[in-house]
Amino acid sequence: MKVLVSNCLLGINCRYKGDNCKNENVLEFLKDKEVIGICPEVEGGLPTPRDPSEIVNDKVISKAGKDVTYEYKKGAEIALKLAQDNKVDLVLFKAKSPSCGSGLIYDGTFTGNKIPGNGIAADLLIKHGFKVITEEDL
Ligand code: SF4
């Protein structure tokens, strides 16, 4: 079984703060599976660390007010290509991220409030038929 996984869950320091969110449940789940890691935000050209961003209507805006929609969409396209080229069976992405989240994301006010929705990369993968889950679903 091949799984496309958020790099931060694997322990790679690619989060906006420059840290990671290594998850032991994720590592245990992946023990007998083929893992393909990606950080869509880094692939889209954003630096680490970086200003946090949230989805506001149909755009992605950083806390400082910069429009980073292009970078998010580029990262999502790269994630989709990686998933398609490798014919992954499952996508295991970080919950609530504006790129990787699925089902629930931050509401665009940078207050911690959450609303139903998908991150940009997760949404593109779902629309192309991939099953996307988060570490909270394990
Ligand atoms: Fe993790 Fe995804 Fe955010 Fe990258 S874009 S830091 S992989 S949640």
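Structure first, text after, so check above.
First, a word on scope: everything that follows refers to the structure included in this document. (Residues numbered from 1 in each chain as written. Predicted model: local features only at pLDDT ≥ 70, side-chain atom pairs only at ≥ 80, totals over all residues. Heavy atoms only, no water.)

Examining the overall build of the protein chain
When you go through the protein chain residue by residue, the secondary structure sums to four helices and eight strands. Sequence-ordered secondary structure for the protein chain, helices as α and strands as β, is β-α-β-α-β-β-α-β-β-β-α-β. In summary, the protein chain has a C-alpha radius of gyration of 14 Å against a globular reference of 14 Å for 138 residues, a match within 12%. Projecting the C-alpha coordinates of the protein chain onto the three principal axes gives extents of approximately 40 × 30 × 25 Å. Classification of the 138 residues of the protein chain by burial places 44% in the buried group. Pairs at least 24 apart in sequence give 63% of the contacts found in the protein chain among residues at least 6 apart. Only carbon and sulfur atoms are counted for the fraction: they give 49% of the accessible area of the protein chain, which is about 7,100 Å². In the protein chain, the 19 positive side-chain charges and the 20 negative ones have mean positions that sit 1 Å from each other. (Helix = DSSP H or I, 4+ residues; strand = E, 2+ residues; numbered from the N terminus. Rg over C-alpha atoms; globule rule 2.2 N^0.38 Å. Buried < 20%, exposed > 50% of the residue type's maximum accessible area, 1.4 Å probe, protein only. Contact = heavy atoms within 4.5 Å. Areas by Shrake-Rupley, 256 points an atom, 1.4 Å probe, with all protein chains shown as cover. Lys, Arg positive; Asp, Glu negative; His and termini not counted. Charge placed at Lys NZ, Arg CZ, Asp CG, Glu CD.)

So, the packing of aromatic side chains
Given two aromatic rings, their pairing is described by the distance between the two centres and the angle made by the two planes. According to the stated counting rule, one finds zero aromatic pairs in the structure shown. Its end group placed over the ring of Phe 29, Lys 33 keeps NZ or CZ at 4.1 Å from the ring centre. (Phe/Tyr/Trp six-rings, centres within 6.5 Å; stacked < 30°, edge-to-face > 60°. Lys NZ or Arg CZ within 6 Å of the ring centre and 35° of its normal.)

With respect to the sheet that holds strand β8 (residues 132-134)
Taken in spatial order, the four strands of this open sheet run β2-β1-β5-β8, and their pairing is parallel. Pairing within the sheet leaves two strands with one partner each, and these edge strands are β2 (34-38) and β8. Looking at each pair of strands side by side, their axes are set apart by 25 degrees on average, direction ignored. Docked against the sheet, helix α3 (residues 69-86) engages β1 (2-6) and β2, running at close to 165 degrees with respect to β2. The sheet strands contacting helix α4 (residues 120-127) are β1, β5 (90-93) and β8, and the helix crosses β5 at an angle near 165 degrees. (Pairing = 2+ DSSP bridges. Axes fitted to C-alpha atoms, helices over the stretch in contact; angles between N-to-C directions.)

Focus: the nonpolar core
Across soluble globular proteins, nonpolar side chains show a tendency to be buried alongside one another. Grouped together as the largest cluster of nonpolar side chains are 17 residues, with contacts concentrated most on Leu 4, Val 88, Val 91, Phe 93, Leu 125 and Phe 130. When contributions to this core are tallied by element, the ones reaching two or more residues are β2, α3, β5 and α4. (Core = buried A, V, L, I, M, F, W, Y, C linked by side-chain atoms within 4.5 Å.)

These figures come from the coordinates and say nothing about function on their own.
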